[in-house]
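So you can see what is in the structure, the chains are spelled out below.
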Amino acid sequence: MFFLRIAVIVATGFALAGCGADGEPVQPTASLGVGVGSSGTHVGGGVGLRRGGLGIYLGV
């Protein structure tokens, strides 16, 4: 019974953090671009996460 209580408390904490109840929620970002130049066309894009002033972005 003790481990069940701990599991419920931990799951509740993760759920509250995920929905932003403890602060600003994490905002996903995405971008897609198409370019045309003298060497042909190219496609680029990326995805990222943003929370407050911190952002992580991965682009190709």
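Residues numbered from 1 in each chain as written. Predicted model: local features only at pLDDT ≥ 70, side-chain atom pairs only at ≥ 80, totals over all residues. Heavy atoms only, no water.

### Quick notes on the overall build of the protein
As a reminder of what qualifies: The helix and strand labels rest on DSSP assignments: H or I over at least four residues marks a helix, E over at least two residues marks a strand, and numbering proceeds from the N terminus. Three labels apply to residues, based on accessible area from a 1.4 Å probe with only protein chains included: buried if under 20% of the type maximum, exposed if over 50%, partly exposed otherwise in between. Accessible surface area values rest on a Shrake-Rupley calculation with a 1.4 Å probe, where residue burial reflects the displayed protein chains alone.
Assigned secondary structure in the protein consists of one helix and three strands. Across the 60 residues that make up the protein, the buried fraction comes to 8%. Carbon and sulfur atoms make up 70% of the accessible area of the protein, which amounts to about 5000 Å² in all.

### Some remarks on the environment of His42
Where we set the bar: Residues are treated as being in contact if the distance between any of their heavy atoms lies within 4.5 Å.
Mapped onto the fold, His42 is located in strand S2 (residues 40–51). Residue His42 is classed as exposed on the basis of its relative accessible area of 51%. Not counting the four nearest positions on each side in its chain, His42 is found in contact with Gly33, Val34 and Gly35.

### Some words on a nonpolar patch on the surface
To keep it simple, the criterion reads: Excluding any residue in a salt bridge, patches collect residues exceeding 30% relative accessible area, merging like charges within 9 Å and nonpolar Val, Leu, Ile, Met, Phe, Trp and Tyr side chains within 5 Å. Just to be clear on terms, a salt bridge is a Lys or Arg side-chain nitrogen sitting within 4 Å of an Asp or Glu carboxyl oxygen.
Together, Phe2, Phe3, Ile6, Ile9, Val10 and Phe14 make up a nonpolar patch on the protein surface, roughly 720 Å² of accessible area in all. With respect to the secondary-structure elements, Ile9 resides in helix H1 (residues 2–19).

### A short note on the sheet that holds strand S1 (residues 27–37)
Two orientations exist for strands paired in a sheet by backbone hydrogen bonds: parallel and antiparallel. Inclusion rule: Criterion used throughout: strands pair if DSSP finds at least two bridges between them. The convention used is that axes are lines fitted to C-alpha atoms, helices contributing only their stretch in contact, and that angles between N-to-C directions extend from 0 to 180 degrees.
Strand order in this open sheet of three strands is S1-S2-S3, and the pairing throughout is antiparallel. The open sheet has two edge strands with one neighbour each: S1 and strand S3 (54–59). Across this sheet, the average inter-strand angle for adjacent strands is 20°, counted without regard to direction. In terms of strand pairing, S1 meets S2 through eleven bridges, oriented antiparallel. Opposite Gly33, over in S2, you have Gly44 as the bridge partner.

### Focus: the environment of Gly45
Assignment of secondary structure puts Gly45 in strand S2. Put simply, Gly45 and Val60 are 15 residues apart on the chain and 5.6 Å apart in space, counted from C-alpha to C-alpha.

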